[in-house]
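# Residue-level structure breakdown
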Amino acid sequence: MNTSYVTLGAEGTFVEQLASIARLCEQRLAAFVDVAAMQPDAAFRNIVTFAIGTLRAAADHAPLSDTDIRLVRDAAVDAADVCRERGLDGDLLAAAAAFDRAVALCQRALGVRFA
């Protein structure tokens, strides 16, 4: 089932929400770099950049297949984990929460029920 254009609540369609999450993650991660006054290591950058890129690509290339949605979900899971691993910075935790929202949206789009 193509869920790319299905409205999932008042926040808009699935792809609109993914685009919004990508923007939020970019903002929070940029704020973290500004405040921390340091560049994150390459592994961190690669994981979060890939996740944001998949969110943006998904939003720009709808309709999405189940495989596409799973890729976005898996990238967002990895990015949320790496953001949480970096500590208790508010911007990183906000980015982790946004990535978690992307995961939940993907799970919902795929019809996966949480236990």
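Given the structure is predicted, the values throughout are model-derived calculations rather than measurements.

## A word on helix 2 (residues 42-60)
The first and last C-alpha atoms of helix 2 sit 26 Å apart over 19 residues, in line with the 27 Å expected at 1.5 Å per residue. Those residues of helix 2 lying buried are F44, V48, A51, I52, T54, L55, A58 and A59. Taken end-on, helix 2 shows its buried residues confined to a sector of 150°, consistent with a single buried face. Exposed residues pointing more than 90 degrees away from the buried face of helix 2 are listed as N46, T49 and D60. The distance from a side-chain oxygen at the start of helix 2 to the backbone nitrogen of A43 is 3.1 Å, and the residue carrying that oxygen is D41.

## What about the environment of P63?
By secondary structure assignment, the location of P63 is in the loop between helix 2 and helix 3 (66-85). A C-alpha to C-alpha distance of 8.7 Å links P63 and V15, two positions 48 residues apart in sequence.

## With respect to the nonpolar core
Core analysis: the biggest nonpolar cluster contains 34 residues, and F14, L18, L29, V48, L55, C83 and F99 have the highest contact counts within it. Looking at this core, the elements that each hand over two or more residues are helix 1 (14-36), helix 2, helix 3 and helix 4 (90-110). With sequence-adjacent residues up to four places away left out, L18 is seen in contact with L55, A58, L64, V72, A102 and L105.

Definitions and cut-offs
Residues numbered from 1 in each chain as written. Predicted model: local features only at pLDDT ≥ 70, side-chain atom pairs only at ≥ 80, totals over all residues. Heavy atoms only, no water. Helix = DSSP H or I, 4+ residues; strand = E, 2+ residues; numbered from the N terminus. Expected span 1.5 Å × (residues − 1). Buried < 20%, exposed > 50% of the residue type's maximum accessible area, 1.4 Å probe, protein only. Arc of directions from axis to C-beta. Polar contact = N/O pair within 3.5 Å; in protein donor to acceptor, adjacent residues only side chain to side chain. Core = buried A, V, L, I, M, F, W, Y, C linked by side-chain atoms within 4.5 Å. Contact = heavy atoms within 4.5 Å.

Everything listed is a geometric property; what it means functionally is a separate question.
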